[in-house]
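Secondary and tertiary structure notes
Single-letter residue listing:
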Amino acid sequence: MSFPSPLARGYSGRPQPAAPPAAVPSVAPVPALPALPSRGRRAAPWIFAMLVLVLLALVAYLLDALGPVAAIAGMLVALIPLAAVLLAIRFIDRWEPEPRGLVILAVAWGATAAVGIALGVDYLLTLSTGGDITPLHETLRAVVQAPIVEEFGKGLGVFLIYLTARRAFDGPVDGIVYGALVGAGFAFTENIQYFAVAMIEGGTGDLTTTFFLRGILSPFAHVMFTSVTGFALGLAARRGASARHAAGPWAFGMVGAAALHALWNGSAQFFDFFALYATLQVPLFVLFILGILLLRREERRLTRQRLGEYVGAGWFTAQEVDMLATGHGRRAALAWARGLRGDRTAVMKGFIADATALAAVRQRIVTGRDPGAAAEQHALLARTLAARQALFTP
């Protein structure tokens, strides 16, 4: 039987003999398309169950503290900056999208558990002072307590994802995405409170001002803070750090996140907020964006390097690796697939996604941090082969 490319020679799917971590499997016939292992790539059900309980308690608290009308109005307004932030995070994550369940978990953790931790600590500290809140207490709460407690609560969610879904936590970009999603969820619930209180105390005028400050000027504040924690954990993941060895980078990342958070809150407490916003916060955000662009470039370079290791074994051609490792190449491939009989865009998207995941799996094999990566490698190779056959079938 002839095939349109040397890559379409198939793979047997039978267990392969043990080989050194850097070895690439040889090509053989493939009988059926295997499913990808889900272990290590999905959210733990017990975390979702816990978050449901926290959500119920949080909803009861907001309805009691704000009233149904103000709480619902605050939620509707808070959805606007949340949607904008999620679109931006989706753009960052488009090279190798994270599993949908983990995306939902990250946002849900920030919106419920992290907020619950912050509210619980705040309540305990209020009890310890007998309810006598002085201006000094308010300042310490904004500049010291909030940054430390909130970044711990959000960072705990990122660390739980690292612990329970290691196969979906491959490097710094993944860490930034998870941290950003947790921060986005936290900001959403916090905005509900701010917007509702503004509407109760000052009507539409105060609500508009608060929305401008939080929804227009600073929708990415919490996103940027917690991304620092995620970035530190992502570096640990790239090195193949165990949970115990990742605890240090995680703590260091939270210190950086809390410092940025304290700087942000302190600018409103001690300085001219708008002057500091223009001279410090905007440049920091620009540096944050530039850093992400550089990390995405590194992600593309790693994709090219790891997929290139399969060229010699006949799984990919050099031209396919070039296509898969560049945004321009991927867009051209999708346009080509769209013009095929029956529009095979979905098949091409699957081929690109599986090949990108294969590069990440290959990195885990090379670093030796995932004993089960070899089986996932075989499954992904078979899937890319089947997708190629579907694309070239007349």
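**Side note on the side chain of Thr345**
The topology assignment puts Thr345 in helix H11 (residues 345–367). The class for Thr345 is buried, based on a relative accessible area of 12%. In terms of polar contacts, Thr345 uses its side chain to reach the side chain of Asp343, at 2.5 Å. Setting aside residues no more than four positions away along its own chain, Thr345 makes contact with Leu334, Ala337 and Arg338.

**Description of the environment of Ala118**
Following the sequence through the fold, Ala118 ends up in helix H3 (residues 100–128). Residue class for Ala118 comes out buried when judged on its relative accessible area of 14%. In contact with Ala118, other than residues within four places in its own chain, are Val149, Glu150 and Phe186.

**Description of H3**
In a regular helix each residue adds 1.5 Å, so 29 residues correspond to 42 Å; H3 covers 41 Å between its end C-alpha atoms and thus fits that length. Bending of H3 peaks at approximately 40 degrees at the position of Trp109. Looking only at H3, the buried set comprises Leu102, Leu105, Ala106, Val107, Trp109, Gly110, Ala111, Thr112, Ala113, Ala114, Val115 and Ala118. Packing partners of the buried residues in H3 comprise helix H1 (45–66), helix H2 (68–92), helix H4 (135–164) and helix H5 (172–217).

**Notes on the nonpolar core**
Ranked by size, the top nonpolar core spans 59 residues in total, and within it Trp109, Tyr162, Phe169 and Leu233 carry the most contacts. If you list the elements that add at least two residues to this core, you get H1, H2, H3, H4, H5, helix H6 (221–238), helix H7 (243–270) and helix H8 (273–308). If you tally residues by element for this core, the top one is H5, at 15 residues. If we ignore the near neighbours within four places in the chain, the residues touching Trp109 are Ile47, Met50, Leu51, Ala114, Gly153, Lys154, Leu156, Gly157, Leu160 and Val182. Core analysis: the second largest hydrophobic core is formed by 25 residues, Val321, Leu324, Met348 and Ala355 among them.

**Some thoughts on a nonpolar patch on the surface**
Together, Val282, Val286, Leu287, Ile289, Leu290 and Leu293 make up a nonpolar patch on the protein surface, roughly 500 Å² of accessible area in all. Along the chain, the position of Leu290 falls in helix H8. Its relative accessible area of 44% is what places Leu290 among the partly exposed residues.

**Some remarks on the packing of aromatic side chains**
Counting across every chain of the model gives 13 aromatic pairs. Centroid distance Phe159 to Trp250: 4.6 Å. Interplanar angle 15 degrees. Geometry classified as stacked. Residue Phe159 is found in helix H4, and its partner Trp250 is found in helix H7; the two are separated by 91 residues along the sequence. Judged on exposure class, the residue Phe159 and its partner Trp250 are both buried.

**Examining the packing of H4 against H5**
The contact between H4 and H5 brings their axes to 9 Å, and the two run at 135 degrees. Judged by the angle between their axes, H4 and H5 are oblique. Both H4 and H5 take part in a crossing whose hand is right-handed. The residues of H5 that touch H4, namely those facing Glu150, Lys154, Val158 and Ile161, are Tyr178, Gly179, Val182, Gly183, Phe186 and Glu190. Looking at the contact of H4 with H5 residue by residue, the class counts come to 5 nonpolar, 2 polar and 3 charged.

What counts, and where the lines are drawn
Residues numbered from 1 in each chain as written. Predicted model: local features only at pLDDT ≥ 70, side-chain atom pairs only at ≥ 80, totals over all residues. Heavy atoms only, no water. Helix = DSSP H or I, 4+ residues; strand = E, 2+ residues; numbered from the N terminus. Buried < 20%, exposed > 50% of the residue type's maximum accessible area, 1.4 Å probe, protein only. Polar contact = N/O pair within 3.5 Å; in protein donor to acceptor, adjacent residues only side chain to side chain. Contact = heavy atoms within 4.5 Å. Expected span 1.5 Å × (residues − 1). Bend = angle between axes of the 7 residues up to and from the residue. Core = buried A, V, L, I, M, F, W, Y, C linked by side-chain atoms within 4.5 Å. Patch = residues over 30% accessible without salt bridge, like charges linked within 9 Å, V, L, I, M, F, W, Y side chains within 5 Å. Areas by Shrake-Rupley, 256 points an atom, 1.4 Å probe, with all protein chains shown as cover. Salt bridge = Lys/Arg side-chain N within 4 Å of Asp/Glu carboxyl O. Phe/Tyr/Trp six-rings, centres within 6.5 Å; stacked < 30°, edge-to-face > 60°. Axes fitted to C-alpha atoms, helices over the stretch in contact; angles between N-to-C directions. Parallel < 35°, antiparallel > 145°, perpendicular 65-115°, else oblique. Left-handed = near helix turned anticlockwise from the far one by under 90°. Nonpolar A, V, L, I, M, F, W, Y, C, P; charged D, E, K, R; others polar.

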